[in-house]
Amino acid sequence: MSALLEVAGISVTFDGYKAIRNLSFEIGECELRAIIGPNGAGKTTFMDIVTGKTKPDEGRVIWGEMSRNLLKMNEARIAQAGLGRKFQRPTVFEDQSVFDNLLMALKNPRSAFACLFYRPTGADRDRVEELAAEVGLKEELQRTSGELSHGQKQWLEIGMLLAQEPRLMLVDEPAAGMTLAEREHTTDLLVNLAKTRAVVVVEHDMEFVRRLNCRVTVLHEGSVLAEGSLDHVTRDPRVIEVYLGR
Ligand SMILES: Nc1ncnc2c1ncn2[C@@H]1O[C@H](COP(=O)(O)OP(=O)(O)OP(=O)(O)O)[C@@H](O)[C@H]1O
């Protein structure tokens, strides 16, 4: 399997502290991957580098079959190239309905002129309904987004990200603050999404990661410490040491 995203030998230093050290990582098309690691392991910085928010001091970040160099692109161009990122805190427009939030997220022309005269087409409405069904919000389309539960807001934001048709979605701590039922829905949703695109989930909740039933990458001190199934990595003495030995 050829990689969709290839990160090779990246390093980043902040004020003399090496937050990422010679880190390499690959993910293929339609692969689901969990990234775990203790606080300060470099998970957020890693995602910042892949999405163009932070530039590494060294290394390569290569994307897609054309082997495009993401380090030469800014955040907006990286997003256009097909990398979508979902941050931990939902940022939906609370005063707007679920329908309108999804509609605004559709991949339509975004010039000021086009926005001013924008009227949704039948195809736009169908796509919004499809997205709502995909994330489990079909019954909530007319509700004001601010009324949704925390979990539902997260799903709405995942739907808004999906509207941009990313080939790789980076999802930061989706389970945080969710009820058990919401967590279960979210794992099913992510597993389903990874059937048609690559999904990277950064998560602390091990039960959640277990339910994802996917390959796991363990980061520690800015490098990959272990990789494999959750059972494989949690049996690794170095991983046990990092999580329990201090
Ligand atoms: N802008 C910055 N300036 C200085 N140090 C930074 C900066 N960003 C991150 N760091 C440091 O780099 C290291 C990695 O941080 P990062 O946030 O990537 O870890 P993390 O694995 O996401 O942690 P958490 O699980 O707590 O979110 C930490 O020691 C952090 O303090």
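Residues numbered from 1 in each chain as written. Predicted model: local features only at pLDDT ≥ 70, side-chain atom pairs only at ≥ 80, totals over all residues.

### Things to note about the overall build of the chain
Of regular secondary structure, the chain possesses 10 helices and 10 strands. If one aligns the C-alpha atoms of the chain with their principal axes, the spans along those axes are about 55 × 40 × 35 Å. In the chain, buried positions account for 39% of the 246 residues. (Helix = DSSP H or I, 4+ residues; strand = E, 2+ residues; numbered from the N terminus. Buried ≥ 20, exposed ≤ 12 C-beta atoms within 10 Å, placed from the backbone.)

### A short note on the sheet that holds strand 1 (residues 3-14)
Spatial ordering of the open sheet is given by 2-1-4-5, a layout of four strands whose pairing is antiparallel. Unpaired on one side and paired on the other, strand 2 (17-28) and strand 5 (68-69) mark the two borders of the sheet. Examined bridge by bridge, strand 4 (residues 58-63) and strand 5 share two bridges and lie antiparallel to one another. Across the sheet, the residue bridging to Trp-63 is Arg-68, located in strand 5. (Pairing = 2+ DSSP bridges.)

### Focus on the site of the ligand
The environment of the ligand is formed by Phe-14, Asp-15, Tyr-17, Ala-19, Gly-37, Asn-39, Gly-40, Ala-41, Gly-42, Lys-43, Thr-44 and Thr-45. Elements with a minimum of two residues in the shell around the ligand: strand 2 and helix 1 (43-50). Looking at the shell around the ligand element by element, the count peaks at three residues for helix 1. Broken down by class, the residue content of the shell around the ligand amounts to four nonpolar, six polar and two charged. (Near = placed C-beta within 6 Å. Nonpolar A, V, L, I, M, F, W, Y, C, P; charged D, E, K, R; others polar.)

### Focus: the packing of helix 5 (residues 122-135) against helix 6 (residues 150-162)
With their axes 9 Å apart at the nearest point, helix 5 and helix 6 run at an angle of 135° to one another. Taken together, helix 5 and helix 6 sit at an angle that is classed as oblique. Where helix 5 crosses over helix 6, the handedness of that crossing is right-handed. Residues Leu-131, Ala-132, Glu-134 and Val-135 of helix 5 pack against Trp-155, Leu-156, Ile-158, Gly-159 and Leu-162 of helix 6. For the contact of helix 5 with helix 6, the residue count by class is seven nonpolar, one polar and one charged. (Axes fitted to C-alpha atoms, helices over the stretch in contact; angles between N-to-C directions. Parallel < 35°, antiparallel > 145°, perpendicular 65-115°, else oblique. Left-handed = near helix turned anticlockwise from the far one by under 90°. Contact = placed C-beta atoms within 7 Å.)

### Thoughts on helix 3 (residues 98-105)
Three or four residues apart is the spacing at which side chains of an α-helix point the same way, because the helix has 3.6 residues per turn. With six of eight residues buried, helix 3 is to be regarded as a mostly interior element. For helix 3, the complete set of buried residues consists of Val-98, Phe-99, Asn-101, Leu-102, Leu-103 and Ala-105. Here the buried face of helix 3 lies against helix 5 and helix 6.

### Side note on the confidence of the model for the chain
Counting all residues, the mean pLDDT for the chain is 92, and 94% of those residues have values of 70 or more. Reported for the predicted complex are a pTM of 0.92 and an ipTM of 0.94. (pLDDT = per-residue confidence, 0-100.)

### Details of the environment of Met-66
Relative to the helices and strands, Met-66 is located in the loop between strand 4 and strand 5. Classification of Met-66 by C-beta neighbours within 10 Å gives exposed; the count is 8.

### Regarding the nonpolar core
Soluble, globular proteins show a tendency: their nonpolar side chains are buried together. Judged by nonpolar contacts, the single largest core of 66 residues is most densely connected at Val-50, Leu-102, Leu-168 and Val-199. Looking at which element gives the most residues to this core, the answer is helix 6, with six residues. The residues contacting Val-50, other than those within four sequence positions of it, are Leu-5, Val-7, Val-61, Leu-83 and Leu-170. (Core = buried A, V, L, I, M, F, W, Y, C linked by C-beta atoms within 7 Å.)

### Points about the sheet that holds strand 8 (residues 198-202)
Judged by pairing direction, the sheet is mixed, and its six strands sit side by side in the order 6-7-8-3-9-10 without closing on themselves. In the strand order of this sheet, the two ends are held by strand 6 (83-86) and strand 10 (223-228), each with one partner. Taking each pair of neighbouring strands and ignoring which way they run, the sheet shows an average axis angle of 20°. Set on the sheet, helix 1 makes contact with strand 3 (32-36), strand 6, strand 7 (168-172), strand 8 and strand 9 (215-220); between it and strand 7 the angle comes to about 150°. Set on the sheet, helix 7 (residues 180-193) makes contact with strand 3, strand 7 and strand 8; between it and strand 8 the angle comes to about 145°.

### Thoughts on unusual backbone geometry
Most of the time, phi is negative for any residue but glycine, and the peptide bond is trans. Unlike most non-glycine residues, Glu-165 shows phi in positive territory, near 55°. Among the structural elements, Glu-165 can be located in the loop between helix 6 and strand 7. You will see that Glu-221, though not glycine, has its phi angle at about 50°, which is positive. Tracing the backbone through its elements, the reader meets Glu-221 in the loop between strand 9 and strand 10. Overall, the presence of 15 C-beta atoms within 10 Å leaves Glu-221 in the partly exposed class.

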